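# Structural characterization, general
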Amino acid sequence: GEDVEQSLFLSVREGDSSVINCTYTDSSSTYLYWYKQEPGAGLQLLTYIFSNMDMKQDQRLTVLLNKKDKHLSLRIADTQTGDSAIYFCAERGTGFQKLVFGTGTRLLVSP
Amino acid sequence: NAGVTQTPKFQVLKTGQSMTLQCAQDMNHNSMYWYRQDPGMGLRLIYYSASEGTTDKGEVPNGYNVSRLNKREFSLRLESAAPSQTSVYFCASSEGRPQETQYFGPGTRLLVL
């Protein structure tokens, strides 16, 4: 079945770049997403990438997709303390409109 | 636009009690979803409604029922709550094709004693 995996935790210093990684198993994924969850809040869509793209850039965010290795990454440039949150990778699975989420990576940014 | 709203924000139940979690969206989305979030397990889909008048089971539907009251509202009912249903529940709705981006509500934190 479909599965999405992420590392649980990442710690960086303010001003550094952060790279959050994700692997997935469904080779028929059409869209892949990154969501951010701040404490006590719902998930907020950060960005998404279509499966025929290798890269997408949106201000401080860069998404890289290696479809051969089924690997997705999110790079946050000039990481700020306000970026501290849990980041979820998700793929659009083979079911109708179904999203499969990873377990989330908790990013901690220290001053 | 309020987006996706959920009520209540927090609830404590005793084992065996029932309750309904409410969700509404004002974005004119056709599809709506209920997820639960547990530590270390990401989000798991409970039920979804592809369009008004239809509902389908997700990954973990046991112990839950849903109603798609109209295009705006999608409720989740626990008929006889169990401690295993202690979780944070999120409602989401999605825009149309092609990317089907989902938008989430703020969540309902449920504690079953």
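Nothing here was measured: the structure is a model prediction, and the numbers come from that model. (Residues numbered from 1 in each chain as written. Chains lettered and ligands numbered in written order. Predicted model: local features only at pLDDT ≥ 70, side-chain atom pairs only at ≥ 80, totals over all residues. Heavy atoms only, no water.)

## Describing the overall build of chain A
Per the secondary structure count, chain A includes zero helices and 11 strands. Element order for chain A, N to C, with α for helix and β for strand: β-β-β-β-β-β-β-β-β-β-β. Computed over C-alpha atoms, the radius of gyration of chain A comes to 13 Å, within 12% of the 13 Å expected from 2.2 N^0.38 for 111 residues, which places it in the range of a compact globule. Referenced to the eigenvectors of the C-alpha coordinate spread, the extents of chain A come out at roughly 40 × 30 × 20 Å. Across the 111 residues in chain A, those meeting the buried criterion constitute 44%. Sequence separation of at least 24 residues holds for 56% of the intrachain contacts in chain A that already meet a minimum separation of 6. Placing the 11 positive and 13 negative side-chain charges of chain A at their respective mean positions leaves the two points 2 Å apart. (Helix = DSSP H or I, 4+ residues; strand = E, 2+ residues; numbered from the N terminus. Rg over C-alpha atoms; globule rule 2.2 N^0.38 Å. Buried < 20%, exposed > 50% of the residue type's maximum accessible area, 1.4 Å probe, protein only. Contact = heavy atoms within 4.5 Å. Lys, Arg positive; Asp, Glu negative; His and termini not counted. Charge placed at Lys NZ, Arg CZ, Asp CG, Glu CD.)

## Remarks on the confidence of the model for chain B
Put simply, chain B has an average pLDDT of 92, and 96% of its residues get 70 or more. Element-level mean pLDDT values for chain B span from 91 in strand S10 (residues 102–104) of chain B up to 98 in strand S8 (residues 74–78) of chain B. (pLDDT = per-residue confidence, 0-100.)

## Re the state of the cysteines
Overall, the coordinates contain two disulfides over all chains when judged by the stated rule. Shown here is the disulfide that connects Cys22 of chain A with Cys89 of chain A, its sulfur atoms set 2.0 Å apart. When the S-S torsion is -60°, as for the bridge of Cys22 of chain A with Cys89 of chain A, the disulfide is left-handed. Placement of the pair is Cys22 of chain A in strand S3 (residues 18–24) and Cys89 of chain A in strand S9 (residues 85–92), with a sequence separation of 67 residues. The exposure class of Cys89 of chain A is buried, given its relative accessible area of 1%. Disulfide partner of Cys23 of chain B: Cys91 of chain B, at an S-S distance of 1.8 Å. Disulfide Cys23 of chain B to Cys91 of chain B: torsion about the S-S bond roughly -70°, handedness left-handed. Of the two residues, Cys23 of chain B is situated in strand S3 (residues 19–25) and Cys91 of chain B in strand S9 (residues 87–94); the sequence distance between them amounts to 68 residues. Under the relative-accessibility criterion, Cys91 of chain B is labelled buried at 0%. (Disulfide = S-S within 2.5 Å.)

## Topic: unusual backbone geometry
Cis geometry is adopted by the peptide bond preceding Pro8 of chain B, which originates at Thr7 of chain B and carries an omega value of -5°. Position of Pro8 of chain B relative to the elements: it lies in the loop between strand S1 (4–7) and strand S2 (10–13). Despite not being glycine, Asp78 of chain A has its phi angle at roughly 50°, a positive value. Note that Asp78 of chain A resides in the loop between strand S8 (71–76) and S9. The phi angle at Asn28 of chain B is positive, at roughly 60°, despite the residue not being glycine.

## Notes on the nonpolar core
Where a protein is soluble and globular, its nonpolar side chains tend to be buried together. Counting 20 residues, the largest nonpolar core has Trp34, Leu72, Leu74 and Tyr87 of chain A as its most contacted members. Elements represented by at least two residues in this core include exactly S3, strand S4 (31–37), strand S7 (61–66), S8, S9 and strand S11 (105–110) of chain A. The residues contacting Leu74 of chain A, other than those within four sequence positions of it, are Ser18, Val19, Ile20, Trp34, Leu46, Thr47, Leu61, Thr62, Val63 and Tyr87 of chain A. Counting 19 residues, the second-largest nonpolar core is a separate cluster that includes Val4, Leu13, Cys23 and Cys91 of chain B. (Core = buried A, V, L, I, M, F, W, Y, C linked by side-chain atoms within 4.5 Å.)

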